[in-house]
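Okay, here's what each chain looks like letter by letter:
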Amino acid sequence: MRRRNSDFRRPVRRRFSNVFWLTVCGLAILLLIILLSRETRDSSSRLVYTKRPYRHDRTGDGLNITEEMLRPESMARQLNDQISLAKAIVVIAKESNNLQFAWELSAQIRNSQMLLSNAASRRSPLTNRESENAIRDMALLLYQAQQFHYDSATMFMRLKAKIQSLEEQMNSFSEKSSKYGQIAAEEVPKSLYCLGVRLTAEWFRSSNLQRKFKEEKQVAAKLVDTGLYHFCVFSDNILATSVVVNSTAMNSKNPDMVVFHLVTDEVNYAAMKAWFTMNSFRGVTVDVQKFEDFSWLNASYVPVLKQLQDSDTQNYYFSGNHDNSRTPIKFRNPKYLSMLNHLRFYIPEVFPALKMVVFLDDDVVVQKDLSALFSIDMNGNVNGAVETCMETFHRYHKYLNYSHPLIRQHFDPDACGWAFGMNVFDLVEWRKRNVTGIYHYWQEKNVDRTLWKLGTLPPGLLTFYGLTEALNPSWHVLGLGYTNVDPKLIEKGAVLHYNGNSKPWLKIGIEKYKPLWEKYVDYGHPLLQLCNFH
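Residues numbered from 1 in each chain as written. Predicted model: local features only at pLDDT ≥ 70, side-chain atom pairs only at ≥ 80, totals over all residues. Heavy atoms only, no water.

Identification of the protein chain as Hexosyltransferase from Nicotiana tabacum is taken from an unreviewed UniProt entry. Within the UniProt record for the protein chain, the comment given under Sequence similarities (unreviewed entry) is "Belongs to the glycosyltransferase 8 family." As stated in UniProt under Pathway (unreviewed entry), the record for the protein chain gives "Glycan metabolism; pectin biosynthesis." (UniProt positions renumbered as here; feature names shortened; annotations may be inferred.)

Here we take up the overall build of the protein chain. Along its length, the protein chain carries 20 helices and 10 strands. In the protein chain, the proportion of contacts linking residues at least 24 apart, taken out of those at least 6 apart, comes to 74%. Carbon and sulfur atoms make up 54% of the accessible area of the protein chain, which amounts to about 31600 Å² in all. (Helix = DSSP H or I, 4+ residues; strand = E, 2+ residues; numbered from the N terminus. Contact = heavy atoms within 4.5 Å. Areas by Shrake-Rupley, 256 points an atom, 1.4 Å probe, with all protein chains shown as cover.)

As summarised here, the arrangement of the 7 strands in space is 3-2-1-4-7-6-8, forming an open sheet in which the pairing is mixed. Each end of this open sheet is capped by a strand with a single partner; those strands are strand 3 (285-290) and strand 8 (468-470). In this sheet, neighbouring strand axes are inclined to one another by 25 degrees on average, regardless of whether the strands run parallel or antiparallel. For strand 1 (residues 229-234) and strand 2 (residues 258-264), the ladder comprises 6 bridges, and the chain directions are parallel. The residue of strand 2 that forms the bridge with His230 is Val259. The sheet strands contacting helix 8 (residues 238-250) are strand 1, strand 2, strand 3 and strand 4 (356-360), and the helix crosses strand 2 at an angle near 175 degrees. (Pairing = 2+ DSSP bridges. Axes fitted to C-alpha atoms, helices over the stretch in contact; angles between N-to-C directions.)

By size, the foremost hydrophobic cluster in this structure holds 61 residues, and its most contacted members are Leu195, Phe231, Phe260, Leu360 and Leu373. Considering each element in turn, this core owes the most residues, 7 residues, to helix 9 (residues 266-278). In terms of nonpolar packing, the next biggest core, distinct from the first, is built from 44 residues, Phe291, Val382, Ile407 and Tyr439 among them. (Core = buried A, V, L, I, M, F, W, Y, C linked by side-chain atoms within 4.5 Å. Buried < 20%, exposed > 50% of the residue type's maximum accessible area, 1.4 Å probe, protein only.)

The buried count for strand 7 (residues 422-426) comes to 5 of 5 residues, which makes it a mostly enclosed element. Covered by surrounding structure in strand 7 are Met422, Val424 and Asp426 together with Asn423 and Phe425, the residues of both alternating faces. Here strand 6 (residues 383-385) pairs with strand 7 via 2 bridges, running antiparallel. Looking across to strand 7, one finds that Gly384 is bridged to Val424.

Mapping Trp505 onto the fold places it in the loop between strand 10 (495-497) and helix 19 (514-518). Measuring from C-alpha to C-alpha, the distance between Trp505 and Pro189 comes to 8.4 Å, with 316 residues separating the pair along the chain. Aside from chain neighbours lying at most four places away, what touches Trp505 is Pro189, Leu192, Asn237, Ala240, Asp362, Asp363 and Trp517.

Before going further, it helps to examine the pairing of strand 1. Most of strand 1 sits out of view: 6 of its 6 residues are buried. Burial along strand 1 is two-sided: Tyr229, Phe231 and Val233 and His230, Cys232 and Phe234, pointing in opposite directions, are all buried. What joins strand 1 to strand 2 is helix 8, and the crossover it makes is right-handed. Taken together, the 2 bridges between strand 1 and strand 4 define a ladder with parallel strand orientation. Looking at the pairing, Phe231 lines up with Val358 of strand 4. (Right-handed = clockwise from strand over helix to strand, strands pointing away.)

The next subject is the pattern of salt bridges. The tally for this structure, following the rule as stated, stands at 10 salt bridges. The shortest N-O distance in the salt bridge between Lys290 and Asp293 comes to 3.9 Å. Lys290 sits in the buried class, given a relative accessible area of 13%. One salt bridge connects Glu429 with Lys432, and the closest N-O pair in it is separated by 3.3 Å. (Salt bridge = Lys/Arg side-chain N within 4 Å of Asp/Glu carboxyl O.)

Another aspect to go through is the side chain of Asp362. When you line up the elements, Asp362 lands in the loop between strand 4 and strand 5 (364-366). In this structure, Asp362 is buried with no salt-bridge partner, the nearest side chain bearing the opposite charge being Lys503 at 6.2 Å. Here the side chain of Asp362 touches Ser235 through a polar contact of 2.6 Å, side chain to side chain. Beyond its immediate stretch of four places on either side in the chain, Asp362 contacts Val233, Ser235, Asn237, Ala240, Thr241, Val244 and Trp505. (Lys, Arg positive; Asp, Glu negative; His and termini not counted. Polar contact = N/O pair within 3.5 Å; in protein donor to acceptor, adjacent residues only side chain to side chain.)

So, about unusual backbone geometry. Of note in this structure, Asn379 is not a glycine but carries a positive phi near 55 degrees. Relative to the helices and strands, Asn379 resides in the loop between strand 5 and strand 6. With a phi angle near 60 degrees, Arg449 is a residue other than glycine that sits in the positive phi range.

Take the confidence of the model for the protein chain next. Residues with a pLDDT of 70 or more make up 78% of the protein chain, whose mean pLDDT is 83. Confidence over residues 44-61 falls short of pLDDT 50; this stretch has 3 contacts with residues more than four positions distant or in other chains. (pLDDT = per-residue confidence, 0-100.)

Running from N to C, helix 3 (residues 99-122) and helix 4 (residues 128-147) cross one another at 155 degrees; their axes reach a closest spacing of 10 Å. The angle between helix 3 and helix 4 falls in the class roughly antiparallel. For helix 3 against helix 4, the interelement crossing comes out left-handed. Taking contact as the criterion, the partners of Phe101, Glu104, Leu105, Gln108, Ile109, Asn111, Ser112, Leu115 and Arg122 in helix 3 are, on helix 4, Glu130, Ser131, Ala134, Asp137, Met138, Leu141, Gln144 and Ala145. (Parallel < 35°, antiparallel > 145°, perpendicular 65-115°, else oblique. Left-handed = near helix turned anticlockwise from the far one by under 90°.)

Glancing now at the sheet that holds strand 10. Pairing in this open sheet of 3 strands is mixed, and the strands run 5-10-9 from one edge to the other. Only two strands of the sheet have a single neighbouring strand rather than two, namely strand 5 and strand 9 (476-477). Pairing between strand 5 and strand 10: 3 bridges, direction antiparallel. Across the sheet, Val365 pairs through a bridge with Leu496, a residue of strand 10.

Here it is as structure tokens:
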């Protein structure tokens, strides 16, 4: 085989030289990149370093300090620190009634502040010579304050004691406010008392009134006609009851079909008869009774009357000395033993001929026609009421003592509460289920007041448990006697309830809600003018 020409042989040496030069170039490029990266890092570090003093300057500009105050030996800073401490000690000294020391310290504070002011005015720092005396004098006073125990620990203890004292005063004032508010709510206004006296006198003086009342009483067919709309109110407040009747009549589409059954006590019986005989309410029929005429209402049948004969009960509600005054005054109100308050549990006995009745409290005002209430499907329940459990504090556990086994075993603590004040009662179902007997059972179990303490709502919740039909909330709007109520709810409400202490006929009534009630009061009536109603 022929050998290649020398021109075509591999150039071994030339290939080796190319690789060498490529390697040298690569190293040079790499070295250049490293040098450039170091240069960038150095420049960035220099930028950061140069920015730090700028940030520091900006921070200093935002504070009330000078370059001199930043020095370790600054006289101005020492004076400012002493002044801040001295001001706190002046307050403690005054609290301790050490007025002489407080005056000396205040004078020294003014002296130090004058030095700082002069230095700032001449734009030169304080010298050791001019500030030495002020610093020394202030230091002596601060040391003296330590001897008086005016240090931070003492200040903390004094402030803590002061806070505790203020809390005790606040609790005392709150208790007094509640007590006086309760007294104001319970008292009978002079004008209302005057009206009762004048009406009673008018009744016994006027034979025409008595004759008219007897004539109306003889027309008793409407009182037992189950086809009419029957309402009942149990009250000793003549004016409040009049507003309930008048507002119902004014807003009724068929007032001639409305019958009001009023029950009062012996004291107000003549006055109540006189008022509703001398005034007419758009054809509404009004009947007045007194509970003392109910022969079945006696201590052998009614647990509340039986409890009134117990000495412990009398002491609890009337003496004010029982239980070392631990029980709030609102729980000790004698009105909770009033038969007018408990008569709502005896409605079938009071009106034996009726099948359905709407119960109204005397602190409500009606602003819609209520005839639709008598056609509501009760679904076999006895009590139609508006539920109040939109908030947790209106559930059963807020009214009843769930530490008692009887309550714990029979009632759901989260069951929804409801309100008295506007209730539809199916008296047929009431009698069938012996609801009054259920009420008697729980009243007798609560002789020692361990199941509940206050009012008629807790026994009502027990009595009508599982027997209550929830009504549309617009039928009964509550809260006008103690809180703010949404104006939209008030506008839509059929019955507005002034539950709470701030009744609309009292001076402590909530002013913005009074006109809703007062528009049903005829202030031009001669008797109201004589008794200074306005």
